[in-house]
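Summary of structural features
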Amino acid sequence: MANFERFNPIPILKGLYTTFHSTFFEPVVTVQYPEEKRPVSKRFRGRHHLRRYDNGLEKCIGCALCAAACPADAIFVEASENNDDVRFSPGERYASTYEINMMRCIFCGYCEDACPTQAIELGDQYELSFTERVQAIYTRDMLLDTVDELEKATPRKVEPGAFDRSIPMMENPD
Amino acid sequence: MNETLAFILEWVIKGAVLIAILLTGFAYTTYFERRFLARIQIRVGPNRAGPFGLLQPVADGIKLIFKEEVEPAEAYRFAFLLAPVMTMVPAVVIMAVIPWGDKVVMFGREIALAVTDLNVGVLYLLSIASISVYGIVLAGWSSNNKYAMMGGIRSTAQMISYELALGLSFVPPILLAGSLSMSEIIQGQQSSAWYIVYAPLAAIVCFIALLAEVNRAPFDMVEAEQELVAGYVTEYSGMKFALFFMGEYIKMAAVSAIFATMFLGGFDGPGVDTYAWLGPIYLFLKIFGLLGLMIWIRATLPRLRYDRLMAFGWKVLIPIALLNVFITAALIVGLGI
């Protein structure tokens, strides 16, 4: 009969109380995902963005340092010349092709660190699923921030000599 | 001649209705379990398919029907195919002796709301309930898989130890009612009080033994995931797996009905004498409550260690059940209940 103390019912009743309490007095913790999303952390590394200056010119100067820094070789950059009549970005060159293969990207953020103009930044978007391989390649048009006013769009004609430096004086270092 | 025909028809209809209720009830038992278990674990549970996820069992069923049936190469085919049937059929058949209500008048006939009323109903229950263990053992053995085999062996050991306690815990209601017939046990409870009042200890022993009988947590040694993959169902897939699943859940409902009948007055409840149709509703509510209790226990208690399980069965449950038989007998003789 020494076995009776091994089967003490009190802990069982305590356990039943715990589950009873959780059933009726604790709110559900589930996040109903597609309808309801949890905020990501401040330093979350999601999909890339190519940023613009306040005046609408593209920050990217097509130097391809991001492509060099990329450990997964996910970035392809091709630069072209631009001038005051057809201006995309300050300085001589701009990225005429900018592609990131999201299937290769490991979201390490090295491109962000390598960028001399802080043109590329990793955002907070993480829903990157594809049904075809080509959809995984994000092109320049998809990555570039949109402009809110028409006169800020690129390419555009600017006053001569105002945007000669590729890396400006960092007046707007965001 | 006409009377005989009507009698046969009545039986067939009652049987068909019972089976239909059990099969749909099975689907929604799984739904109920998943939702309730989720709520206990502060989750939501399946809520996507249909309103409140009510179509989830349908989706699961369709998925299982279209799944490929895989059969191990070295399996003993006949036994492998027979095992799911052996588990499933007793679970359905067991409900036959449980009365769902008193007599009602329909189509000018007085119809008893029970498929049949055996005068040895309790013995029938005990014997049929034990048959499904053969299915489990057969499944375990014929799969030619060590985990399945161990699950099957565990189930035999477990059944033997808990069947005794179960049988003994049925004795107090039988003594109190003076009959082995389910309907007379219910009548006995209607005329006095529910037998859980007279024999609370027997009710507890019975409930624990029934949990072990249907292999529910904390007695789910037979399909202990962490140790045995999935126990005796390891090698089963598709509809054969679904049959085991069905058998298990229908048996859950069946043992709840047995417990309700033996200790909670079966279909008894306020107003059931005047409105016989309240009987099935009361029985359903009792079954529902007992299923909820089983799920609650599953969500709470960890699985027993195998030797503890045996020790508990032999050294605790059976002495208590025996003691309870003596106490009840003494009460009946002494107080003349």
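Residues numbered from 1 in each chain as written. Chains lettered and ligands numbered in written order. Predicted model: local features only at pLDDT ≥ 70, side-chain atom pairs only at ≥ 80, totals over all residues. Heavy atoms only, no water.

Focus: the overall build of chain B
The number of helices and strands found in chain B is 12 helices and two strands. The N-to-C order of helical and strand elements in chain B reads α-α-α-β-β-α-α-α-α-α-α-α-α-α. Taken over C-alpha atoms, the radius of gyration comes to 21 Å for chain B, in line with the 20 Å a tight globule of 337 residues would show. Taken along the three principal axes of its C-alpha coordinates, chain B extends 60 × 50 × 45 Å. Counting all 337 residues of chain B, 53% fall into the buried class. Sequence separation of 24 or more characterises 78% of the internal contacts of chain B that already satisfy a separation of 6 or more. As displayed, chain B offers around 15,400 Å² of accessible surface, 72% of which is attributable to carbon and sulfur atoms. Averaging the positions of the 22 positive and the 23 negative side-chain charges in chain B gives two centres separated by 9 Å. (Helix = DSSP H or I, 4+ residues; strand = E, 2+ residues; numbered from the N terminus. Rg over C-alpha atoms; globule rule 2.2 N^0.38 Å. Buried < 20%, exposed > 50% of the residue type's maximum accessible area, 1.4 Å probe, protein only. Contact = heavy atoms within 4.5 Å. Areas by Shrake-Rupley, 256 points an atom, 1.4 Å probe, with all protein chains shown as cover. Lys, Arg positive; Asp, Glu negative; His and termini not counted. Charge placed at Lys NZ, Arg CZ, Asp CG, Glu CD.)

Brief notes about the overall build of chain A
The secondary structure content of chain A amounts to four helices and five strands. A compact globule built from 174 residues would reach a C-alpha radius of gyration of about 16 Å, whereas chain A, at 26 Å, exceeds it by more than 25%. Taken along the three principal axes of its C-alpha coordinates, chain A extends 100 × 35 × 30 Å. A buried classification covers 34% of the 174 residues belonging to chain A. Excluding contacts between residues fewer than 6 apart, the proportion of contacts in chain A whose partners are at least 24 apart in sequence is 77%.

Brief notes about the side chain of Arg 156 of chain A
Residue and element names in this part refer to chain A. Along the chain, Arg 156 falls in the segment after α4 (140-143). Relative accessible area serves as the criterion here: at 18%, Arg 156 is assigned to the buried category. A polar contact is formed between the side chain of Arg 156 and the backbone oxygen of Asn 55, at a distance of 2.8 Å. With residues up to four places along the chain from it excluded, the contact list for Arg 156 reads Asn 55, Gly 56, Leu 57, Asp 84, Asp 85, Val 86, Arg 87 and Glu 151. (Polar contact = N/O pair within 3.5 Å; in protein donor to acceptor, adjacent residues only side chain to side chain.)

Some thoughts on the pairing of strand β2 (residues 109-112) of chain B
Residue and element names in this part refer to chain B. Of the two faces of β2, the one lined by Arg 109 and Ile 111 is fully buried and the one lined by Glu 110 and Ala 112 carries no buried residue. Direction of pairing for strand β1 (residues 103-106) relative to β2: antiparallel, over a ladder of four bridges. Of the residues in β2, the one forming a bridge with Val 104 is Ile 111. (Pairing = 2+ DSSP bridges.)

Considering unusual backbone geometry
Residue and element names in this part refer to chain B. The backbone phi angle of Ile 42 is positive, close to 50 degrees, even though this residue is not glycine. Secondary-structure assignment places Ile 42 in the loop between α1 (2-40) and α2 (56-65). Here the phi dihedral of Phe 52 falls at roughly 55 degrees; this positive angle occurs in a residue that is not glycine. On the accessibility criterion, Phe 52 (62% relative accessible area) is exposed.

Considering the pattern of salt bridges
Tallied over the entire structure, the rule returns 13 salt bridges over all chains. Note that Asp 85 of chain A is salt-bridged to Lys 157 of chain A, the shortest N-O span being 3.0 Å. One end of the pair, Asp 85 of chain A, is in the loop between β2 (75-81) and β3 (93-101); the other, Lys 157 of chain A, is in the segment after α4, with 72 residues separating them in the sequence. On the accessibility criterion, Asp 85 of chain A (48% relative accessible area) is partly exposed. Since its relative accessible area comes to 66%, Lys 157 of chain A is described here as exposed. Glu 33 of chain B is the partner of Arg 298 of chain B in a salt bridge, and the nearest nitrogen-oxygen pair spans 2.7 Å. Of the two residues, Arg 298 of chain B sits in helix α11 (residues 278-300) while Glu 33 of chain B sits in helix α1, which places them 265 residues apart along the sequence. (Salt bridge = Lys/Arg side-chain N within 4 Å of Asp/Glu carboxyl O.)

Brief notes about the environment of Leu 211 of chain B
Residue and element names in this part refer to chain B. With respect to the helices, strands and loops of the structure, Leu 211 is situated in helix α8 (residues 200-213). Assessed through its relative accessible area of 3%, Leu 211 is described here as buried. Leu 211 sits 41 residues away from Met 252 along the chain, and the two C-alpha atoms are 8.4 Å apart.

Some words on the interface of chain A and chain B
With 20 residues of chain A at the interface, the matching set in chain B holds 20 residues. Joining chain A to chain B, the criterion identifies one salt bridge. The salt bridge partner of Glu 35 of chain A is Arg 48 of chain B, with a shortest N-O separation of 3.1 Å. There are 12 residue pairs in polar contact (both at pLDDT 80 or more) connecting chain A and chain B.

Some thoughts on the confidence of the model for chain B
Residues and elements named next belong to chain B. When the pLDDT values of chain B are averaged, the result is 83; 98% of them are 70 or greater. Of all the helices and strands in chain B, β2 carries the lowest mean pLDDT, 70, while α11 carries the highest, 87. At the level of chain-chain contacts, confidence expressed as ipTM amounts to 0.70, with global pTM at 0.76. (pLDDT = per-residue confidence, 0-100.)

Points about the sheet that holds β2 of chain A
Residues and elements named next belong to chain A. Taken in spatial order, the three strands make up an open sheet running β2-β3-β5, and their pairing is antiparallel. The strands lining the two open edges of the sheet, one partner per strand, are β2 and β5 (137-138). As paired strands, β3 and β5 are joined by two bridges and run antiparallel to one another. For Asn 101, the partnering residue across the bridge sits in β5 and is Ile 137.

Brief notes about the side chain of Asn 101 of chain A
Within the fold, Asn 101 of chain A resides in strand β3. Apart from residues lying up to four places away in sequence, Asn 101 of chain A is in contact with Ala 74, Ala 136 and Ile 137 of chain A.

Section: the packing of aromatic side chains
By the definition in use, this model includes 19 aromatic pairs over all chains. A centroid spacing of 6.3 Å and a plane angle of 85 degrees characterise the contact between Phe 26 of chain B and Phe 245 of chain B, whose relative ring orientation is edge-to-face. Here the residue Phe 26 of chain B occupies a position in helix α1, and Phe 245 of chain B occupies one in helix α10 (residues 238-263), the gap between them amounting to 219 residues. By relative accessible area, which is 29% here, Phe 245 of chain B ends up partly exposed. An aromatic cluster is present here, built from Phe 20, Phe 24 and Phe 25 of chain A together with Trp 296 of chain B joined pairwise through their rings. (Phe/Tyr/Trp six-rings, centres within 6.5 Å; stacked < 30°, edge-to-face > 60°.)

Observations concerning the nonpolar core
Formed by 86 residues in total, the largest nonpolar core has its most connected members in Tyr 162, Phe 170 and Phe 259 of chain B. Take this core: its biggest share by element is 13 residues, from α10 of chain B. Each residue touching Tyr 162 of chain B, except ones within four places of it in the same chain, is listed here: Ile 208, Ala 209, Ala 212, Phe 219, Leu 309, Phe 312, Gly 313 and Leu 317 of chain B. In this structure, Cys 70, Tyr 98, Ala 119 and Tyr 138 of chain A belong to the second largest nonpolar core, which totals 23 residues. (Core = buried A, V, L, I, M, F, W, Y, C linked by side-chain atoms within 4.5 Å.)

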